[in-house]
Each structure stands twice: as structure tokens, then as C-alpha cells.
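Single-letter residue listing:
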Amino acid sequence: MKPTVYVETSVLGYLTSWPSGHLIVAARQKTTRDWWRDAPAKYELVVSEAVVREASAGDAQAIQDRLAAIQGLPILPPSQEAQDLVDALLAQAAVPTTEPEDAAHIALAAVNGIEYLVTWNFKHIANASVRKQINSVCAGAG
């Protein structure tokens, strides 16, 4: 059985965006595209309704490209358990109250037992300074 990976929306952005002339952005685009090419053979990729919602905003062509990338992937449904964890992440300041969608990504991955959450969001999700707090809230919620 392959490990499960929750694909957060920022990954889709780097995967499908036009090539960038900015060195860091271009490197992230290449890294993402290389990872995406091999990931389905190694992992069971999943998204959530939160990812679909975020991927459905903005430029019409970008929306089409992002949604095409995740077509056929399992979509984790919302649940009360996930909403309770979102509320806890926000209430305990593990994720800023201004970023409920970021808390939703974490919560949906956690309550569904997803082994990995892949993201380029270093501000609120993959941030070393908040990771302990996120882990603590998730562990406290079971």
C-alpha cells in the first residue's frame, strides 16, 4: 500500500503556473513538476474540497489547469471532526484566525490519517516556528 499524500493548493500553483524568471519561483516550479511526475507511482495523492475551492479561484485558464491537474484524485469531504480541529488550531493560535483555509488543510489531512501534507506554504503550514504548536493541537485532538 502506497503512503498517502495530501496535496495543498500551493503545490498546484507551482505545478501549473507559467514559467517564472524569478530564480526561487522557477526552482520551486521545477521541483514541483519533477515531484508531480513521479508522485503518483509512489504515493496515493488526495485533495480536499478546500483545495478544489481554492484552485477554482482566479484566472479562468489557471483554474482550468489546476483542476485538470487534480482530476481523478480522491477528494476528502468536510467533517465535523475536521471542523472541530480547525476551530482548535485557530483558537490555540497554531494557525492565525485570518487563515482558516490553511487550518482546514492541516485538519483534513490529520483527521483522515493522511501520512504527508505537501505544501509550499511556509508561512502557516510548513513553518518550523509553528510546527510544534500545530502538532500539539493535532495530538491533543487525537
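Here, every reference points to the structure presented above.
The structure displayed is predicted, hence computed values, not measured ones. (Residues numbered from 1 in each chain as written. Predicted model: local features only at pLDDT ≥ 70, side-chain atom pairs only at ≥ 80, totals over all residues. Heavy atoms only, no water.)

S.K.: How would you explain the packing of helix α5 (residues 80-91) against helix α7 (residues 128-140) if you had to name every residue and give the values?
M.R.: The N-to-C vectors of α5 and α7 enclose an angle of 140°; their axes lie 10 Å apart at closest approach. When the axis of α5 is compared with that of α7, the two are oblique. As for how α5 packs across α7, the hand of that crossing is right-handed. Across from Leu85, Ala88 and Leu89 in α5, the residues of α7 making contact are Ile134, Val137 and Cys138. Its residues placed into classes, the contact of α5 with α7 shows six nonpolar, no polar and no charged. (Axes fitted to C-alpha atoms, helices over the stretch in contact; angles between N-to-C directions. Helix = DSSP H or I, 4+ residues; strand = E, 2+ residues; numbered from the N terminus. Parallel < 35°, antiparallel > 145°, perpendicular 65-115°, else oblique. Left-handed = near helix turned anticlockwise from the far one by under 90°. Contact = heavy atoms within 4.5 Å. Nonpolar A, V, L, I, M, F, W, Y, C, P; charged D, E, K, R; others polar.)

S.K.: Summarise the packing of helix α1 (residues 9-16) against helix α2 (residues 23-42); cite the residues concerned and give the values.
M.R.: Relative orientation of the contacting elements α1 and α2 amounts to 100°, with a least axis distance of 8 Å. It follows that α1 is roughly perpendicular to α2 by the angle criterion. Two secondary-structure elements touch here, α1 through Val11, Leu12, Tyr14, Leu15 and Thr16 and α2 through Val25, Arg28, Gln29, Thr32, Arg33 and Trp36. Tallied by class, the residues present in the contact of α1 with α2 amount to six nonpolar, three polar and two charged.

S.K.: Explain unusual backbone geometry residue by residue, including any values.
M.R.: You will see that Ala93, though not glycine, has its phi angle at about 60°, which is positive. Among the structural elements, Ala93 can be located in the loop between α5 and α6 (100-111). You can call Ala93 exposed: its relative accessible area is 59%. (Buried < 20%, exposed > 50% of the residue type's maximum accessible area, 1.4 Å probe, protein only.)

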